[in-house]
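# Report on the structure
So the chains spell out like this:
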Amino acid sequence: MKDSAMLTPDEARALFRGGLRTPTAGWCAGWTQANLIAVPREHAYDFLLFAQRNPKPCPVLDVTEPGETSCALFRGDLRTDLPAYVVYRDGEPVAEVTDASEAWRDDLVAFLIGCSFTFEDALLAAGVPVRHIEQGRNVPMYRTNRPCRPAGAIGGPLVVSMRPVPAHQVADAVRVTSRYPAVHGAPVHVGDPAALGIADLDAPDFGDAVDVRPGEVPVFWACGVTPQAAVMVSKPPLAIGHAPGHMAVTDARDSDFLAP
């Protein structure tokens, strides 16, 4: 197989459709990755309003019509072309699968939400380390004590991703990521995890723990797993999301989301 960073979106999606399961950080360099959440049509307006009220963790990149399984941003099949999915029933995760076709319904509306993987190439280009890529792990993600603004039947806590950054490069990390407002943008917190209600960096709620080395500061970005945390709290009858860190590789370029 080609180096995963050199694959096109079509090539990556074909591998995932064939059953390959892997976190997608570092895949398809230059191509935008996105979070997926699909909910029944009756909950779609509430979810869209929830995203509008919470744009930092829930930046909407595209939305399908009910029952559609592709969209302008993603020309593959949303049911099969991600490496892994979580199926929720009444807010409970009931299955983790590599093919969501069996659970998919004709009334589902799928949302593609911006992902912080989009700015990781820019961080690396600026010399800022991205530890989960270095260590071949999934990015660590944590529920916080910060509630999102609810909308109708949908509400829940802010979820953040964490990347340890050498103290002298924190300003660089803020500067680089602030130029990507459509995919979470600048960090929401730098420093003490306890300020976000995070008790232990070695015990993420989603993803894998990574090393935080001497002289490094934990830096936290709003995370597109926030909608799945909202699903767990709000308990719609059905929802389908990507398995955290196992993203939709879209047909958009990272540069499309770079602010001038």
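Everything numeric in this text was worked out from a predicted model, so none of it was measured.

Glancing now at the state of the cysteines. Summed over the entire model, instances satisfying the criterion amount to 0 disulfides. The thiol of cysteine 148 is unpaired, and the distance to the nearest cysteine sulfur, on cysteine 58, comes to 5.8 Å. No disulfide involves cysteine 223; its nearest neighbouring cysteine sulfur is the one of cysteine 115, lying 7.4 Å away.

Our next topic: the domain arrangement of the chain. Per the domain assignment, the segments of the chain are domain 1 (4-114 + 232-254) and domain 2 (117-222). A straight line from the C-alpha centre of domain 1 to that of domain 2 covers 20 Å. Facing the 28 residues of domain 1 at the interface are 29 residues of domain 2. Here domain 1 meets domain 2 over a buried area of about 2,300 Å², counting both sides, of which 64% is carbon and sulfur. Three residues stand out in domain 1 for area buried against domain 2, namely Phe50, Arg53 and Lys56, and they jointly supply 25% of the buried area on that side. Along the contact surface separating domain 1 from domain 2 lie 0 salt bridges. Mapped by element, the contributors of at least two residues to the side of domain 1 that touches domain 2 are β1 (31-40), α2 (41-53) and α6 (226-234). Sorting elements by how many residues they give to the side of domain 1 that touches domain 2 places α2 first, with 5 residues. Classifying every residue of the side of domain 1 that touches domain 2 by side-chain character gives 13 nonpolar, 11 polar and 4 charged.

Before going further, it helps to spend a moment on the pattern of salt bridges. Under the criterion given, the structure shown has 15 salt bridges. Two residues, aspartate 251 and arginine 13, come together in a salt bridge whose shortest N-O distance is 3.1 Å. Residue aspartate 251 is located in strand β11 (residues 248-253), and its partner arginine 13 is located in helix α1 (residues 9-17); the two are separated by 238 residues in the primary sequence. Aspartate 251 sits in the buried class, given a relative accessible area of 16%. Assessed through its relative accessible area of 0%, arginine 13 is described here as buried. Notably, a salt bridge pairs arginine 17 with aspartate 81, separated by 2.8 Å at the nearest N-O pair. Highlighted residues: arginine 17 in helix α1 and aspartate 81 in the loop between β2 (60-63) and β3 (85-89), separated in sequence by 64 residues. In this structure, a network of salt bridges that share partners links the residues Asp10, Arg13, Arg75 and Asp251.

Okay, a nonpolar patch on the surface next. Taken together, the side chains of Leu48, Val60 and Val63 make up a nonpolar region of the molecular surface, amounting to roughly 190 Å² of accessible area. Along the chain, the position of leucine 48 falls in helix α2. Since its relative accessible area comes to 39%, leucine 48 is described here as partly exposed.

Conventions used here
Residues numbered from 1 in each chain as written. Predicted model: local features only at pLDDT ≥ 70, side-chain atom pairs only at ≥ 80, totals over all residues. Heavy atoms only, no water. Disulfide = S-S within 2.5 Å. Domains from an automatic or database assignment. Contact = heavy atoms within 4.5 Å. Buried area = accessible area lost by both parts, 1.4 Å probe. Salt bridge = Lys/Arg side-chain N within 4 Å of Asp/Glu carboxyl O. Helix = DSSP H or I, 4+ residues; strand = E, 2+ residues; numbered from the N terminus. Nonpolar A, V, L, I, M, F, W, Y, C, P; charged D, E, K, R; others polar. Buried < 20%, exposed > 50% of the residue type's maximum accessible area, 1.4 Å probe, protein only. Patch = residues over 30% accessible without salt bridge, like charges linked within 9 Å, V, L, I, M, F, W, Y side chains within 5 Å. Areas by Shrake-Rupley, 256 points an atom, 1.4 Å probe, with all protein chains shown as cover.

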